[in-house]
Amino acid sequence: MIDRIDVKAALRQQWIETPSWAYGNSGTRFKVFAQEGVARNPYEKIADAAEVHRFTGVAPSVALHIPWDRVEDYEDLAKHAAGLGLQIGAINPNVFQENDYRLGSVCNPDPVVRRKATAHLVECVEVAGATGSKALSLWFADGTNYPGQDDIRARQDRLAEALAATYATMPSEMTMLLEYKFFEPSFYTMDVPDWGTSLVHCLALGDQAKVLVDTGHHAPGTNIEFIVAGLIRLARLGGFHFNSRFYADDDLMVGAADPFQLFRIMNEIVGAGALGPDSGVAFMLDQCHNIEPKIRAEIRSVMHVQEATAKALLVDREALALAQAAGDVLGANEVLIDAYNTDVRPLLAEVRTEMGLDPDPLSAYGRSGYHERIVAERVGGTQAGWGA
Ligand code: PSV
Ligand code: MN
């Protein structure tokens, strides 16, 4: 039997982090279409993230990317966030946008470049300290394009060394998240191409190092929920970068392309009791909105995650266990499909009303006039974007 009160309580406590870079301009290598009213600095990005939280009630933190979000005074930035009801979430170092990193950052054959990259990772541990963040989220563009270009094993050793040096500077309450990506921008080898490589490094580092699963970073057809289940079992699932993909790392809105996959992932999370904010699993969006309005797209994405979660919470786990134990293949599958086919929108509307929110976040945001206000106010200056 599903207890509706428990389901609603779990939905109220859900925590979905949005990324600062979703509020800046972005595009493909062909064109970046600038949008009116786009944030011009980290303060404005945080203000936009606060709107997403204001209308959904479940997005109370925002991830930063350094140096895209570099400021003079990080404590002041955190204060600004707190004033808007937000916390600073994961700090993402950027070691992929400088000429020095042509042959990689922490895996670069040149020790001078490796030292520079490692110093930036350590700087980001300090940024986390100053902003009250508890997570350092690492992604490396490192890899090679041609067979023979560099020594694959030596690059792994260099990676391990840089991670260990960074890990050693982290306070005990900080988590290191190590993200993997199977291709791009390197095409012959990526130095952290898969969950297995990430896990091997995390295991060598210690309990504070965990694997980050970016849903867009897998080959087509990969069973992501299987990876999730395995990492939970080992207490090494650090969190998610949610997005949708059609072909590659297209960073489209989570739940927009394959909502059933998102449900299957959330089903593993709920089944393992890993949903709550104290589970140690961070649920973050990693998206770029190239042609659609950014704040609305983030609100909609948060709602998609909520919908998948609500469906996962509605899985009749007793009936599922009975069907599984009885070897009832179709019966067990039907339990999942029943939950997936439930229209959870009325339930979520009820939850929002109980939280003092408008039951329809997108309409409420539209009526708030925020979009018109930022279009009118944010004139002049340089809009934020990759490299800004
Ligand atoms: C890389 O594709 C990635 O998923 C990493 O998380 C980066 O930090 C992020 O995208 C932003 O570009
Ligand atoms: Mn990512």
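See the structure shown above.
Residues numbered from 1 in each chain as written. Chains lettered and ligands numbered in written order. Predicted model: local features only at pLDDT ≥ 70, side-chain atom pairs only at ≥ 80, totals over all residues. Heavy atoms only, no water.

### As for the overall build of the protein
Okay, step 1: Regarding its fold elements, the protein presents 14 helices and 10 strands.
Okay, step 2: Compactness check: the protein gives a C-alpha radius of gyration of 21 Å against a globular reference of 21 Å for 388 residues, within 12% of the reference.
Okay, step 3: On the principal axes, the C-alpha backbone points of the protein span a range of 60 × 55 × 40 Å.
Okay, step 4: Classification of the 388 residues of the protein by burial places 53% in the buried group.
Okay, step 5: Sequence-distant contacts in the protein: of pairs separated by 6 or more residues, those separated by 24 or more amount to 79%.
Okay, step 6: Element-wise, carbon and sulfur atoms account for 55% of the exposed surface of the protein, whose accessible area totals about 17300 Å².
Okay, step 7: The average position of the 34 basic charges and that of the 52 acidic charges among the side chains of the protein differ by 3 Å. (Helix = DSSP H or I, 4+ residues; strand = E, 2+ residues; numbered from the N terminus. Rg over C-alpha atoms; globule rule 2.2 N^0.38 Å. Buried < 20%, exposed > 50% of the residue type's maximum accessible area, 1.4 Å probe, protein only. Contact = heavy atoms within 4.5 Å. Areas by Shrake-Rupley, 256 points an atom, 1.4 Å probe, with all protein chains shown as cover. Lys, Arg positive; Asp, Glu negative; His and termini not counted. Charge placed at Lys NZ, Arg CZ, Asp CG, Glu CD.)

### Brief notes about the environment of Val-58
Okay, step 1: Note that Val-58 resides in the loop between helix 2 (42-56) and strand 2 (61-66).
Okay, step 2: On the basis of relative accessible area, Val-58 is assigned to the buried category, the value being 1%.
Okay, step 3: Each C-alpha atom, one on Val-58 and one on Thr-18, is 10 Å from the other, the two residues being 40 residues apart in sequence.
Okay, step 4: For Val-58, the residues in contact, after removing those within four places along its chain, are Leu-11, Arg-12, Gln-14, Trp-15, Ile-16, His-53, Val-302, Gln-306 and Met-355.

### Notes on the coordination of the manganese ion (ligand 2)
Okay, step 1: Protein-derived ligands of the manganese ion (ligand 2) are Glu-179 (OE), Asp-214 (OD), His-241 (ND1) and Asp-286 (OD), with the metal-ligand distances lying across 2.1 to 2.2 Å.
Okay, step 2: Given 6 donor atoms and angles of 70 to 166° at the metal, the environment of the manganese ion (ligand 2) is assigned as octahedral.
Okay, step 3: The sequence pattern formed by the donor residues of the manganese ion (ligand 2) is E-x34-D-x26-H-x44-D. In this pair, Asp-214 sits in strand 8 (residues 209-214) while His-241 sits in strand 9 (residues 237-242), placing the two residues 27 residues apart along the sequence.
Okay, step 4: A relative accessible area of 2% places His-241 in the buried class. (Donors = N, O, S within 2.8 Å, 3.2 Å for Na, K, Ca; no water. Tetrahedral: all angles 85-135°; square planar, octahedral: opposite > 155°, others 65-115°.)

### Some remarks on unusual backbone geometry
Okay, step 1: Of the consecutive residues Ile-66 and Pro-67, the connecting peptide bond is found in the cis state with omega at 20°.
Okay, step 2: Within the element layout of this structure, Pro-67 appears in the loop between strand 2 and helix 3 (74-83).
Okay, step 3: A cis amide bond links Glu-184 with the next residue in sequence, Pro-185, at an omega value of 10°.
Okay, step 4: Mapped onto the fold, Pro-185 is located in the loop between strand 6 (175-179) and strand 7 (189-190).
Okay, step 5: Notably, Glu-184 is not glycine yet its phi reads approximately 75°, a positive angle.
Okay, step 6: Among the secondary structure elements, Glu-184 is positioned in the loop between strand 6 and strand 7.
Okay, step 7: Phi at Asp-251 is positive, roughly 55°, even though this residue is not glycine.
Okay, step 8: Within the fold, Asp-251 resides in the loop between strand 9 and helix 8 (259-271).
Okay, step 9: With a relative accessible area of 9%, Asp-251 lands in the buried category.

### Let's talk about the packing of aromatic side chains
Okay, step 1: Enumeration according to the criterion identifies 13 aromatic pairs in this entry.
Okay, step 2: Ring geometry for Trp-68 against Phe-96: centres 6.2 Å apart, planes inclined by 85°, an arrangement best described as edge-to-face. With a gap of 28 residues between them, Trp-68 in the loop between strand 2 and helix 3 and Phe-96 in the loop between strand 3 (87-93) and helix 4 (111-131) connect regions that are remote in the sequence.
Okay, step 3: What makes Phe-96 partly exposed here is its relative accessible area of 24%.
Okay, step 4: Among the aromatic residues, ring-to-ring pairing joins Trp-21, Trp-68, Phe-96 and Trp-139 into one connected group.
Okay, step 5: Its end group placed over the ring of Tyr-101, Lys-116 keeps NZ or CZ at 5.5 Å from the ring centre.
Okay, step 6: Geometry around Tyr-340 places Lys-311 over its ring, the cationic atom sitting 4.5 Å from the centre. (Phe/Tyr/Trp six-rings, centres within 6.5 Å; stacked < 30°, edge-to-face > 60°. Lys NZ or Arg CZ within 6 Å of the ring centre and 35° of its normal.)

### Examining the side chain of Asn-267
Okay, step 1: Structurally, the position occupied by Asn-267 is in helix 8.
Okay, step 2: Leaving out residues up to four positions away in the same chain, Asn-267 has contacts with Ala-312, Val-315, Arg-317 and Leu-336.

### Description of the pairing of strand 3
Okay, step 1: Of all 7 residues that make up strand 3, 6 are buried, and the element is covered over most of its length.
Okay, step 2: As defined by bridge partners, strand 2 adjoins strand 3 across 5 bridges and the pair is classed as parallel. Along strand 3, the bridge assignment pairs Ser-61 with Gln-87.
Okay, step 3: One crossover worth recording links strand 2 to the parallel strand 3 by way of helix 3, and it is right-handed. (Pairing = 2+ DSSP bridges. Right-handed = clockwise from strand over helix to strand, strands pointing away.)

### Structural notes on the pattern of salt bridges
Okay, step 1: A full pass over the atoms with the stated rule returns 21 salt bridges.
Okay, step 2: With a shortest N-O distance of 2.7 Å, Lys-8 and Glu-350 are connected by a salt bridge. Taken together, the residues Lys-8 in helix 1 (residues 4-12) and Glu-350 in helix 12 (residues 345-354) connect sequence positions 342 residues apart.
Okay, step 3: Taking relative accessible area as the criterion, Lys-8 reaches 12% and is therefore assigned buried.
Okay, step 4: The residue Arg-40 makes a salt bridge to Glu-44 at a minimum N-O spacing of 2.6 Å.
Okay, step 5: Since its relative accessible area comes to 14%, Glu-44 is described here as buried.
Okay, step 6: By sharing partners, the salt bridges in this structure join Arg-4, Lys-8, Arg-12, Glu-350 and Glu-354 into a single network. (Salt bridge = Lys/Arg side-chain N within 4 Å of Asp/Glu carboxyl O.)

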